[in-house]
Amino acid sequence: MSRGSRRPRGVTVKTPEQVAKMRLAGLVVARTLDRVVAAVRPGVTTGELDRIAEDSIRAEGAVPSFLGYGGFPGSLCTSAGAEVVHGIPGPRVVRDGELLSIDCGAVLDGWHGDAAVTVAVGDCGPELLALSAVTREALWAGIAAVRPGGRLSDVGHAVESVVTPHGYGLLDDYTGHGIGTSMHEPPYVPNQAPDGPGRGMVLTPGIVLAVEPMAVLGDPEVVVLDDDWTVVTRDGAQAAHWEHTVAVTADGPWVLTALDGGAHELGTQRRKEPVRAV
């Protein structure tokens, strides 16, 4: 085993049965995000979206991962405009012409799923639509790198290879992460690879990662608001955030929080789905 390829302390390798349980949690997240996105419109409050999410998660027998996590008061993170991540849902009215990122987590039978989407609210300008589209493309490039025998830095290299040619700022202090019976587990999954691909931990079947690029139109420098949660761009530029939970399998990446498992985006066959016992 070459230097730097060892698994960091605390990284867990799931059995196929455990990954199947995580898939069920991921599907709760996927369906909840669909319901929340359908309710987005100019004038809706982030608190209203949060109530839809909590009702959806609990109706499926799951629990919101975010609610109460470190004192966080919502079931979603709702970050609009210059807010990049960790926005607290509440009376904030979503406005026409801004991007809204919606980050959702659910725990089912002790296993977590975590995903985020960015929604264009009303009539967004082409520069914002392009920012979101490129960030989403970077997400799928990173997911495609989550393959057995690959290295952790392959993910960040794939993400930045998509984002940086467009001149967007890419956050480096906020990263993806491992996930399992805890929402955040080692390893960190950076969205950049300063030393290039082919470095870091070897990806083996059973490792599950949350890949989540965050890109901004302007400078990537951010600050945290007085609520101790909401991360905003210092220059006021808008941001986009996309995320999926992805398992390494012998056949390649399995996107646990995509309804089709990532088959369409990755050009793979749809997998046989686990069935939850009633």
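Check the entry above for the structure.
What comes next is a walk through the structure. In this numbering scheme, every chain counts its residues from 1 along its sequence in written order. Local features in this predicted model are restricted to residues of pLDDT 70 or higher, and side-chain atom pairs are both shown and tallied only at a pLDDT of 80 or more, whereas totals for entire chains, interfaces and linings draw on every residue. Hydrogens and water are ignored here; the side-chain numbers use all heavy atoms of the structure.

A separate point is unusual backbone geometry. A cis geometry characterises the amide bond from P186 onward to P187, with omega recorded as 5°. Its location among the elements puts P187 in strand β8 (residues 185–189). At H86, a residue that is not glycine, the phi angle is positive and equals roughly 70°. Among the secondary structure elements, H86 is positioned in the loop between β3 (83–85) and β4 (99–108). In the Ramachandran plot, D109 falls in the positive-phi region, its phi being about 55° despite a non-glycine side chain. Think of it this way: any DSSP run of H or I at least four residues long counts as a helix, any run of E at least two long counts as a strand, and we number them from the N terminus. Along the chain, D109 turns up in the loop between β4 and β5 (111–120).

The next subject is helix α4 (residues 152–163). Under the scheme applied here, a residue whose accessible area is under 20% of the maximum for its type counts as buried, over 50% as exposed, and between as partly exposed, the area being computed with a 1.4 Å probe on protein chains only. Within α4, ten of the twelve residues are buried, which leaves the element mostly enclosed by the surrounding structure. Inspection of α4 places L152, S153, D154, V155, G156, A158, V159, E160, V162 and V163 among the buried residues, and these make up the whole buried set.

Right, let's get into the sheet that holds strand β13 (residues 239–241). Strand order in this open sheet of three strands is β6-β10-β13, and the pairing throughout is antiparallel. On the outer flanks of this sheet lie β6 (169–170) and β13, each paired with one strand and no other. Here helix α3 (residues 126–144) sits on the sheet and contacts β10 (214–216) and β13; the angle it forms with β13, its principal contact strand, is near 30°. Any two strands are treated as partners once DSSP identifies two or more bridges connecting them. The contact criterion used is simple: two residues touch if any of their non-hydrogen atoms lie within 4.5 Å. Here, axes are lines fitted to C-alpha atoms. For helices the fit covers the stretch in contact, and angles between N-to-C directions go from 0 to 180 degrees.

This part takes up the pattern of salt bridges. Salt bridges are defined by distance alone: a side-chain nitrogen of Lys or Arg within 4 Å of a carboxyl oxygen of Asp or Glu. Counted according to the given criterion, the structure contains ten salt bridges. With a shortest N-O distance of 3.2 Å, E185 and K14 are connected by a salt bridge. Of this pair, E185 sits in strand β8 while K14 sits in the segment before α1 (16–38), and the two are 171 residues apart along the sequence. One exposure class covers both E185 and K14, and it is buried. When the shortest N-O distance is used, the salt bridge between R136 and E265 registers 2.8 Å. One end of the pair, R136, is in helix α3; the other, E265, is in helix α5 (residues 263–266), and 129 residues separate them in sequence. Each of E83, R92, R95 and E98 takes part in a single network of salt bridges with overlapping partners.

Right, let's talk about the packing of aromatic side chains for a bit. Put simply, two rings from Phe, Tyr or Trp (the six-membered ring, in Trp's case) pair if the centres are within 6.5 Å, and we call them stacked under 30 degrees between planes, edge-to-face over 60, tilted for the rest. One pass over the full model with this rule turns up one aromatic pair. Between F72 and W229, the aromatic rings sit 5.0 Å apart at their centres with planes inclined by 80°, giving edge-to-face as the arrangement. On the criterion of sequence distance, the pair formed by F72 in the loop between β1 (63–64) and β2 (76–80) and W229 in the loop between β11 (222–224) and β12 (231–233) is long-range, its members being 157 residues apart. We classify F72 as buried; its relative accessible area is 3%. In this structure W229 comes out as partly exposed when scored by relative accessible area, which is 21%. Positioned above the aromatic ring of W242 is the side chain of R136, whose terminal nitrogen or guanidinium carbon lies 5.6 Å from the ring centre. Geometrically, a lysine NZ or arginine CZ counts as sitting over a ring once it is within 6 Å of the ring centre and also within 35 degrees of the ring normal.

Running from N to C, α1 and helix α2 (residues 46–59) point in directions that differ by 145°, and their axes come no closer than 9 Å. Here α1 runs over α2; the crossing is right-handed. Contact residues: V28, T32, R35 and V36 in α1; L49, I52, A53, S56 and I57 in α2. Along the lines of polarity and charge, the residues of the contact of α1 with α2 split into six nonpolar, two polar and one charged. Should the near helix be turned anticlockwise from the far one by less than a right angle, the crossing is termed left-handed; should it be turned clockwise, right-handed. Residues are grouped as follows: Ala, Val, Leu, Ile, Met, Phe, Trp, Tyr, Cys and Pro are nonpolar; Asp, Glu, Lys and Arg are charged; every other residue, Gly included, is polar.

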